[in-house]
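Descriptive analysis of the structure
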Amino acid sequence: MGKTRYMQADEAFFKLLRLGIGTCHDRDVALDKAGWAAVYDMACKQAVAAIVLDGVERLSIIQKPPMDVVMPWIGLVQQIETRNRRLNRTVVMVYDKFLKEGMGTVLLKGQGNSLFYPRPLHRTPGDIDLWMNDGRKVVVDYARKYCPGVEVVYHHVDFPVLKEAEIELHFTPSWMNSWRMNLRLQRYFKEWKTLSLLHKVQLPERVGEVAVPTLAMNRVYLLVHIYRHLFDEGIGLRQLLDYHFVLRQPCSEAEREEAVRCLERLHLKRFAGAVMYVLQTVFGLEDEHLLVPPSPGRGRRLLAEIMKAGNFGQHDERIRHDANETPFGRFRRKVSRNMGFLTDYPGEVLWSPLFKIWHYAWRLRHGYLPPKK
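This write-up is about the structure you can find in this document.

Basis of the calculations
- Residues numbered from 1 in each chain as written.
- Predicted model: local features only at pLDDT ≥ 70, side-chain atom pairs only at ≥ 80, totals over all residues.
- Heavy atoms only, no water.
- Helix = DSSP H or I, 4+ residues; strand = E, 2+ residues; numbered from the N terminus.
- Rg over C-alpha atoms; globule rule 2.2 N^0.38 Å.
- Contact = heavy atoms within 4.5 Å.
- Areas by Shrake-Rupley, 256 points an atom, 1.4 Å probe, with all protein chains shown as cover.
- Lys, Arg positive; Asp, Glu negative; His and termini not counted.
- Charge placed at Lys NZ, Arg CZ, Asp CG, Glu CD.
- Axes fitted to C-alpha atoms, helices over the stretch in contact; angles between N-to-C directions.
- Parallel < 35°, antiparallel > 145°, perpendicular 65-115°, else oblique.
- Nonpolar A, V, L, I, M, F, W, Y, C, P; charged D, E, K, R; others polar.
- Buried < 20%, exposed > 50% of the residue type's maximum accessible area, 1.4 Å probe, protein only.
- Pairing = 2+ DSSP bridges.

What follows is about the overall build of the chain. Check the secondary structure of the chain and you find 14 helices and six strands. For the chain, whose C-alpha radius of gyration is 21 Å, the value lies close to the compact-globule estimate of 21 Å for 373 residues. Considered along the principal axes of its C-alpha atoms, the chain spans approximately 60 × 50 × 45 Å. Contacts in the chain between residues far apart in sequence, at least 24 positions, make up 70% of those at least 6 positions apart. A total of about 17,600 Å² of accessible surface is found on the chain, and carbon and sulfur atoms cover 56% of it. With 55 positive and 42 negative side-chain charges, the chain shows a spacing of 4 Å between the two charge centroids.

In structure tokens:
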């Protein structure tokens, strides 16, 4: 009986998501108390609790969850709204501070993506990712002036100066394991950077303006971001929902063709097909917004991975590790996990060990590894 309930809960969870974002009008959701508890757990695991509650609000009184389920849910959503308001003010403050110091930045993902949501304050907030206009050496020196010995990786340096929010200062928004594909990706980022630095938007409740990536960049970058996290940390539905809303923004045929050309050159069209399947199956993305035809086989495997891992892989036992894990142990664990994607994405998987070895040596040579405790 328990197994049947959870299967029903999966279906109800997806339907409530679609109701919450307005891509579904069928309000027939029938669950018992155990089913509602399962839906709530899934919503929390995938960091979409507020969106799913938006869907619950559209149900009839007799179909809504019992009060002892819905009251903690409402409390959680109120916390999400409060955190978003606080983070929006913090983002503007940090962005303005860098501008005053002559350092242009672009806000990646996060609070900028929330603007595409029907209710921006209902996107579960994360950290602050700023793409710096200055080069790696300048940014690392700046970060280490305030935070000596802070860790540096290929694409960013941590900047832990605030208690209320984690900040990452990016030299580049992302990367790919394949040397040739990464070179192409970095060229695209250079092309997109100038316009993105000028592309300013007003954050919710008019707390201030920040620069964010253009839609042309986000059509490719957010897919790369999902791809990257699939291999490195696990990926959840919140990141897929961000991409869903980007693809639903106005887009000419020429702009769509350009995005597909970029994906083809980066060898991401196969992965894009899997993502399109998830966006259509879970969120009800309409055919006219798809970049490429959905790939059901790879899409089902990707969706299973997403549901298992949860938001950024926080619920995936395969990713968890103890605090004393050695660099070699981390390398072996990540490479072993990635081998599960070999059939679908062989290029990225086979390049992964080589990139990780190069990356460790590169960090060691430049003094970018964290100091030993």
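Looking now at the packing of helix α9 (residues 237–247) against helix α11 (residues 269–283). When two helices pack together, their arrangement is given by the angle between the helix axes and the distance between those axes. Running from amino to carboxyl end, α9 crosses α11 at an angle of 90 degrees, the nearest separation of the two axes being 10 Å. Considering the angle they form, α9 stands roughly perpendicular to α11. Between α9 and α11, the contacting residues are L237, L240, L241, Y243, H244 and L247 on the first element and V275, M276, V278, L279, V282 and F283 on the second. The class makeup of the residues in the contact of α9 with α11 is eleven nonpolar, one polar and no charged.

Below, the discussion takes up the pairing of strand β2 (residues 128–132). Counting buried positions along β2 gives five out of five residues, so the element sits mostly inside the fold. Residues I128, L130 and M132 point to one face of β2 and D129 and W131 to the other, with burial holding for every one of them. The sheet contact formed by strand β1 (residues 105–108) and β2 spans four bridges and is antiparallel. Bridge pairing in β2 links T105 to M132.

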